[in-house]
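Below are the chains, spelled out letter by letter.
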Amino acid sequence: MISRRKSGLPALLSGVLAAALTLSMPVCSSAVCGDACGNEVSAAAVATESETGNGNVLYQPLKITGTGMPEEQVFSVRELLTIKNESGLGLDARCRIRSLGKDAGGLDLKPFLEMCGADLSEGTVLTFYTGSSAGGGLSPSGVTLSAAELTGENNRAVLILPEDPGQAEVSPDSLTVAASGSRDVFLENVGMIMVGAAGNMENPYYGMHATGLGGKLSYMESTVLTVNFFAGEESGAPFKTCSFTIGEIEKMMREHPEKVCGNYFGMSGNEASKVKMGLGGFFDYYEGISMEYLLAEKCGLRNTPGIAVFYDRDGKESGRVTDLGYFFGGDRYLEITDDKSVSGVVPIIGVSKNGAPLLPRHDHEMEGNVNFNTFNTNAAAAGFDTKIGLVKNVSGPMIAGLPNMDGAYGGYRQETAGSCIRIDLIVDRDDYPELLSGDSTRSADSTRNYLKKCFLPISGGGFGLVEYLRLARILI
């Protein structure tokens, strides 16, 4: 059994845990694919980061989607600043906000959205959501703009960027939309813009396998993620197994949007001192279901002693979390540079990459591979040579997005994403008496009620819940 002492696991596992992480071979090295597989952080970007702000600000994501968009696109503040400052694109703009008595400067929203491929014809409406997909919880703001309010001599809308010099009175760490014209609009903490015809503002879920890319990847909905519970060591048969198809995970995401999280997992910083997890050192936006929700609420994991072992698409171990408390909160972060990181990051099982559904393996020739989004294509045609808008949705079928947590996973300069089809949870069997083999859906409460019903005639009503569970352990 696993010790309950905070000092660690017993000698049975000490040799395993004392070793450095054993990680899978990179599936895409710079020697093979160059920069084609993701958004590598360049030296120029590091300089910008030093001048601009901390990692949480720089990698705050903005999602742009809706039926009026050709696909879902995701931009970090760092990328938006680069776009705004590219003189050849001419997207730097200002508008007068009468309610503030100030000018607001930022990214000219209408031509930017058109460069993203948005249909801004008559009848199109922009709906704004606040919050951040980084921690779930995007919410409708109730603020909308019609396409007509973006055009005309006196109408202008701008996206004010954090730490942007000359901005209006806005939070220094918030994306803000400001518009002037027939009415003032001033909305802070924008996390998503939905573009579509009035009356048709449903999320098209372009990042999901049945609904994205014209359903070309719907065959992947049956791909399975397996979660095993092992008693004390990873040998023999698991005492509990849960399995989820991609289709089931994406159904959870649609039904529980507050459990959907995304972030820029991967690798950045000093390449020479990195430990890779399998994606070759790139930094991309992955989105999926919260790992705490999946493992705790769907599988029954609790914050007990134990470890979690992750396996890639080839069944090879790709990483270990040495403290299960990791999934329940704490100081989890993503490295950006020597002195900057993104904090408060949620571990996820990701199903999409840069807005597109993940492919089942690392193969750029597969049907459904997306090289660039519409913004990138249009920006290149305008003479802007950029990596912004690279998609490269290879390296699935699912991704384990694992932020660093000192003493639990990786630590500084540990790659934070890798393909995943299996998670083994090595725990003390005595901590999980409610988990009955063969039933991956029964909750702890329903199991206790089940045991009461089964053992009440035997005990004559004289047993308490503890006795029922002890009897159950003998029989299971």
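Before reading on, note that the structure itself is shown above.
To start, this report covers the structure provided alongside it. Note that the coordinates shown come from a computational prediction; the quantities given were computed from them, not determined experimentally.

### Let's talk about the sheet that holds strand β8 (residues 176-180)
Read from one edge to the other, the open sheet built from 5 strands follows the order β3-β4-β7-β8-β9, with strand pairing classed as antiparallel. Whereas interior strands pair on both sides, the edge strands pair on one side only; in this sheet they are β3 (92-97) and β9 (185-187). Strand-to-strand twist across the sheet, computed as the mean angle between neighbouring axes with direction ignored, equals 35°. Sheet topology places β3 next to strand β4 (residues 102-108); 6 bridges connect them, and they run antiparallel. Looking at β4, one finds that R96 is bridged to D103. Seen against the sheet, helix α5 (residues 77-84) touches β3, β4 and β7 (156-160) and runs at an angle of roughly 100° to β4.

### Some remarks on the nonpolar core
Core analysis: the largest hydrophobic core is formed by 44 residues, its most contacted members being F229, I249, F310, F327, I349, I423 and L425. Listed by contribution, the elements that provide at least two residues to this core are β11 (224-231), β12 (240-245), α7 (246-255), α8 (291-298), β15 (306-311), β19 (348-353) and β23 (422-427). One finds L81, L187, I193 and V195 within the second-largest nonpolar core, a separate group that totals 38 residues.

### Re α5
For an α-helix the count is 3.6 residues per turn, leaving residues at separations of three or four pointing the same way. In terms of residue burial, α5 counts as a mostly covered element, since 7 of its 8 residues are buried. When we look at burial in α5, the residues that qualify are V77, R78, E79, L80, L81, I83 and K84.

### Here we look at the pattern of salt bridges
According to the stated counting rule, one finds 13 salt bridges in the structure shown. For K110, the salt bridge identified is with E114, shortest N-O distance 2.8 Å. Of this pair, K110 and E114 both sit in helix α6 (residues 109-115), 4 residues apart, which is roughly one turn of the helix. Here R422 ties to D424 by a salt bridge, and the two come within 2.5 Å at their closest N and O atoms.

How each quantity is defined
- Here, residues in each chain are numbered from 1, in the same order as that chain's written sequence.
- Note on the predicted model: pLDDT of at least 70 is required for a residue's local features to be given, and 80 or more for side-chain atom pairs to be given and counted; whole-chain, interface and lining totals, by contrast, use all residues.
- To obtain the side-chain values, all non-hydrogen atoms of the structure were included, while hydrogens and water were left out.
- One bridge is not enough; two strands pair if DSSP finds at least two bridges between them.
- Numbered from the N terminus, helices here are DSSP runs of H or I no shorter than four residues, and strands are runs of E no shorter than two.
- Lines are fitted to the C-alpha atoms to define the axes, a helix being fitted only along its stretch in contact, and any angle between axes, read from their N-to-C directions, falls within 0 to 180 degrees.
- When checking whether two residues touch, look at their non-hydrogen atoms; a contact exists if any pair is within 4.5 Å.
- Note on terminology: a nonpolar core comprises buried Ala, Val, Leu, Ile, Met, Phe, Trp, Tyr and Cys residues joined through side-chain atoms within 4.5 Å.
- Buried residues are those whose accessible area, probed at 1.4 Å on protein chains only, stays under 20% of the maximum for their type, while exposed residues exceed 50% and partly exposed ones sit between those limits.
- Here, a salt bridge means any side-chain nitrogen of Lys or Arg that lies within 4 Å of a carboxyl oxygen of Asp or Glu.

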